[in-house]
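If you want the building blocks of each chain, they are given just below.
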Amino acid sequence: MATQLKNLSDFSNTTIPNAGAYRFGIVVAEWNAKITGALYEGAYQSLLDNGTLDENIFTYTVPGSFELTSGADLLLQHKNLDAVICLGCVIQGETRHFDFICAAVANGVTNVAVKHLKPVIFGVLTTDNEQQAIDRAGGKYGNKGVEAAVTAIKMADLANQLKN
Ligand code: RBF
C-alpha cells in the first residue's frame, strides 16, 4: 500500500477512474513558485496520465495561497468544470501570517465547494520549512500535486455516478 512506502503519490495498487470525460481547473499560487510549479507539473501530468484531454485542463495563476479561494470561485463561475484543484505552498515564517493564510485557504476552499456544489481540492502544502515542502513536491514523500489530481478525478467521477 502507498502509505507503507511513505510516498502517498504511488497509486500503482489503486484504481483511478478514467478522466476522459471531465474538465478540470487548476489554480496555482505564485508564492514559493519553485514548489508550486512542481506541484503543478505533478497534477497536470497526472490528469493527462489518467485520460484527461489537454484542452479540458484550465490553468490560472493567483498571487498567493490566500487568493486560491477567489481564483477557484471565479473559475467555477466562468468555466463549466467538474472539479478545481488549488495548489499552493505556505511556509512558516516568523510572524502569524502562516496561521491566518492556512486557515483562510482551508475554510475558503471548503466554502467554494459548497457554494458551487463542485469538488474543490486542497493541494496546499503547509510546512515548517522549505525542505519539508521540497520533500512533498516531487521529493522523497512524493508529489502532493499528483495526489490532488487523483482526488479531483475520484470526486468528479463520484459526482458523475450520483447524477445518473
Ligand atoms: N502566500 C503563499 O502562498 N505562501 C506563503 O508562504 C505566504 N507567506 C506570506 C507571508 C506574509 C508575511 C504575507 C504578507 C503574505 C504571504 N503570502 C504567502 C501571500 C498571501 O497568500 C497573499 O497573496 C497576500 O497576503 C495578499 O492577499
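Our structure is the block above this text.
Conventions adopted
All residue numbers here refer to positions counted from 1 along the written sequence of the relevant chain. Selection of residues for local features in this predicted model requires a pLDDT of at least 70, selection of side-chain atom pairs for listing and counting requires 80 or more, and totals for whole chains, interfaces and linings are taken over all residues. Only heavy atoms go into the side-chain values, all of them from the structure, while hydrogens and water stay out. Starting at the N terminus, helices and strands are each numbered in turn, a helix being any DSSP run of H or I of at least four residues and a strand any DSSP run of E of at least two. Radius of gyration here uses only the C-alpha atoms, and the compact-globule reference equals 2.2 Å multiplied by the residue count raised to the power 0.38. A simple rule labels every residue: compare its accessible area, found with a 1.4 Å probe on the protein chains alone, to the largest value its type can have, and call it buried under 20%, exposed over 50%, or partly exposed in between. Residues count as neighbours in contact if any of their non-hydrogen atoms are within 4.5 Å of one another. Computed with the Shrake-Rupley method and a 1.4 Å probe, the accessible areas treat only the protein chains shown as cover for residues. Asp and Glu count as negative and Lys and Arg as positive, but His and the ends of the chain are not part of the count. Charge positions come from single atoms, namely NZ of Lys, CZ of Arg, CG of Asp or CD of Glu. Whether a residue is near a molecule or strand is decided by its heavy atoms; if any one of them lies within 4 Å of it, the residue is near. Nitrogen and oxygen atoms within 3.5 Å of one another constitute a polar contact, given that in protein one can donate a hydrogen and the other can accept it, and given that sequence-neighbouring residues count only through two side-chain atoms. Gly is put with the polar residues, along with every residue not named as nonpolar or charged; the nonpolar set is Ala, Val, Leu, Ile, Met, Phe, Trp, Tyr, Cys and Pro, and the charged set is Asp, Glu, Lys and Arg. Strand pairing is assigned whenever DSSP detects at least two bridges linking the two strands. Comment: axis = line fitted to C-alpha atoms, over the contacting stretch for helices; angle = value between 0 and 180 degrees taken between N-to-C directions. Only protein atoms enter the calculation, which uses a 1 Å grid: trapped sets of points that fit a 1.4 Å probe without letting it out are cavities, open sets showing protein on both sides within 12 Å along at least five of seven lines are pockets, and any residue with an atom within 4 Å of a point is a lining residue. Grid points are joined across faces, edges and corners, and a volume is the space filled by probe spheres set on the points.

A. Just the overall build of the protein, in detail. Broken down by element type, the protein carries five helices and six strands. Its C-alpha radius of gyration of 15 Å places the protein within 12% of the 15 Å reference for a compact globule of 164 residues. The dimensions of the protein, computed from C-alpha atoms along their principal axes, are 50 × 35 × 25 Å. Looking at the protein residue by residue over its 164 residues, the buried ones come to 45%. Nonlocal contacts in the protein, meaning residues at least 24 apart in sequence, comprise 79% of its contacts between residues at least 6 apart. As displayed, the protein has an accessible area near 8,600 Å², and 54% of this comes from carbon and sulfur atoms. Side chains of the protein give 12 positive and 16 negative charges; the mean places of these two sets differ by 5 Å.

B. Region of interest: the site of the ligand. Near the ligand you find W31, N32, G64, S65, F66, E67, C89, V90, I91, H97 and I101, and these make up its full shell. Here E67 contributes a side-chain N or O atom positioned 2.5 Å from an oxygen atom of the ligand. Between the ligand and the protein, one listed contact pairs an oxygen atom with a backbone N or O atom of I91 at 3.2 Å. Contact with the protein chains removes 68% of the 540 Å² of surface that the ligand exposes when unbound. Examining the composition of the shell around the ligand, we find that three residues originate from one element, strand β3 (residues 83–91), more than from any other. Of the residues contributing to the shell around the ligand, the split by class is six nonpolar, four polar and one charged.

C. Layout of the environment of I153. Tracing the backbone shows I153 in helix α5 (residues 144–163). Counting along the chain gives 109 residues from I153 to Y44, while the straight-line C-alpha distance between them is 12 Å. Once residues lying within four places of it in the same chain are set aside, the contact partners of I153 are I16, P17, A19, F24, S46, L47 and N50.

D. Quick look at the sheet that holds β3. Ordered in space as β2-β1-β3-β4, the four strands form an open sheet in which the pairing is parallel. Each end of this open sheet is capped by a strand with a single partner; those strands are β2 (57–62) and β4 (120–127). Across the sheet, the mean angle from the axis of one strand to that of its neighbour is 15°, orientation sign disregarded. Pairing between strand β1 (residues 24–29) and β3: five bridges, direction parallel. Each bridged residue has a counterpart across the sheet, and for I26 the counterpart in β3 is I85. With respect to the sheet, helix α1 (residues 33–49) is in contact with β1, β2, β3 and β4, its orientation differing from that of β3 by roughly 155°.

E. Structural detail: the layout of surface pockets. Reported here for the largest pocket is a volume of approximately 220 Å³. W31, V90, I91, H97 and I101 are, among the 16 residues lining the largest pocket, the residues nearest its centre. Each residue belonging to the lining of the largest pocket can be placed in one class, and the counts come to seven nonpolar, seven polar and two charged. Of all elements in the fold, only β4 and α5 reach the threshold of two or more residues within the lining of the second largest pocket. Here the lining of the second largest pocket gets seven residues from one element, more than from any other, and that element is β4.

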